Amino acid sequence: MPAYIAMLRGVNVTGHNPIKMEQLRGLCNRLGFQRVETYVQSGNIVFQGKIENPAVLSKRIGETILNSFGFNVPVIVRTSKEMENVVANNPFLKEKDVDPSKLHVTFLQGAAQKSSLNRLEDLATSQDRFYPASREIYLYCPGGYGRTKLSNNAIEKVLSVTTTTRNWRTTNMLLDMVSKL
């Protein structure tokens, strides 16, 4: 059975859109997903499911959250193979003196227009760097993600695509978890 990672955007952040992970696991079990696990309180789910279309899974999870909790939450889904490729293809890992704790990945709901990707240059400071991939933006923020202009909201606005960002440790942990399913 295929394995997936679902990443929710904007849950349990400063008291907004509260969802307990136990409730989220139960919701996913009711949707018929199997071997459901969550990671940290920000809405990361790994599971197996019979549906093989990540867009359909994203929509079903989002609609169920709306019906169960009363608020919209963007949900971005990746297959285990897609997440494996995300981790394997991080271009910053090939560079010397890159601190992995300063790496992040912004996951895009869909592909961004090439013309909008050029506008990301305006957000990058001299030390912050990014590398666009097909449906991800790799970030290196040596001054810290909290200080970068390449924030999730800014990227989402520039690209006009729903996004969610995970730090490199979480991205790797999600791959590890989904690989064990």
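Coordinates for the structure precede this section.
Report follows, based on the coordinates. Keep in mind that this is a model prediction, so the values were computed, not measured. (Residues numbered from 1 in each chain as written. Predicted model: local features only at pLDDT ≥ 70, side-chain atom pairs only at ≥ 80, totals over all residues. Heavy atoms only, no water.)

Here we look at the sheet that holds strand β6 (residues 129-132)
1) Next: One open sheet holds the 4 strands; their spatial order is β6-β7-β5-β8, and the pairing between them is antiparallel. Edge positions in the open sheet fall to β6 and β8 (163-167), since each of these has one partner strand only. Each strand axis lies, on average, 20 degrees off the axis of its neighbour in the sheet, ignoring direction.
2) Next: Each of β5 (103-108), β7 (136-140) and β8 is contacted by helix α5 (residues 152-159), which is oriented at about 145 degrees to β8, the strand it contacts most.
3) Next: Contacting β5 and β8, helix α6 (residues 168-179) runs over the sheet at an angle of about 95 degrees to β8. (Pairing = 2+ DSSP bridges. Helix = DSSP H or I, 4+ residues; strand = E, 2+ residues; numbered from the N terminus. Axes fitted to C-alpha atoms, helices over the stretch in contact; angles between N-to-C directions. Contact = heavy atoms within 4.5 Å.)

Re the pattern of salt bridges
1) Next: A full pass over the atoms with the stated rule returns 7 salt bridges.
2) Next: A salt bridge links E84 to K81; the shortest N-O distance between them is 3.5 Å. Remark: K81 and E84 occur in helix α3 (residues 80-88); sequence separation between them is 3 residues, near one turn of the helix. (Salt bridge = Lys/Arg side-chain N within 4 Å of Asp/Glu carboxyl O.)

Description of the packing of aromatic side chains
1) Next: Summed over the entire model, instances satisfying the criterion amount to 4 aromatic pairs.
2) Next: Members of the aromatic cluster, each reached through a chain of ring pairs, are Y4, F33 and F47. (Phe/Tyr/Trp six-rings, centres within 6.5 Å; stacked < 30°, edge-to-face > 60°.)

Focus: the pairing of strand β2 (residues 34-39)
Walk down a regular strand and you will see the side chains alternate between the two sheet faces.
1) Next: As defined by bridge partners, β2 adjoins strand β3 (residues 44-48) across 4 bridges and the pair is classed as antiparallel. In the sheet register, T38 faces β3, and the bridge partner there is I45.
2) Next: Joining the antiparallel neighbours β2 and β3 is a turn of 4 residues, in which V40 adopts a positive phi near 50 degrees.

Section: α3
For an α-helix, 3.6 residues make a turn, and residues three or four places apart therefore share a direction.
1) Next: The complete set of buried residues in α3 reads M83, V86 and V87. In a view along the axis of α3, the buried residues occupy a sector of 95 degrees, so they form one face of it.
2) Next: Those residues of α3 that are buried are in contact with β1 (3-8), β4 (75-79), β5, β7 and α6. (Buried < 20%, exposed > 50% of the residue type's maximum accessible area, 1.4 Å probe, protein only. Arc of directions from axis to C-beta.)

A few points about the packing of α3 against α6
1) Next: At a minimum axis separation of 10 Å, α3 and α6 run at an interaxial angle of 140 degrees. Overall, the two elements α3 and α6 adopt an arrangement that is oblique. Every pair of crossing elements has a handedness; the one defined by α3 and α6 is left-handed. Here S80, M83, E84, V86 and V87 of α3 lie close against α6, whose contacting residues are W168, T171, N172, L174, L175 and V178.
2) Next: Along the lines of polarity and charge, the residues of the contact of α3 with α6 split into 7 nonpolar, 3 polar and 1 charged. (Parallel < 35°, antiparallel > 145°, perpendicular 65-115°, else oblique. Left-handed = near helix turned anticlockwise from the far one by under 90°. Nonpolar A, V, L, I, M, F, W, Y, C, P; charged D, E, K, R; others polar.)

Structural measurements only, silent on function.
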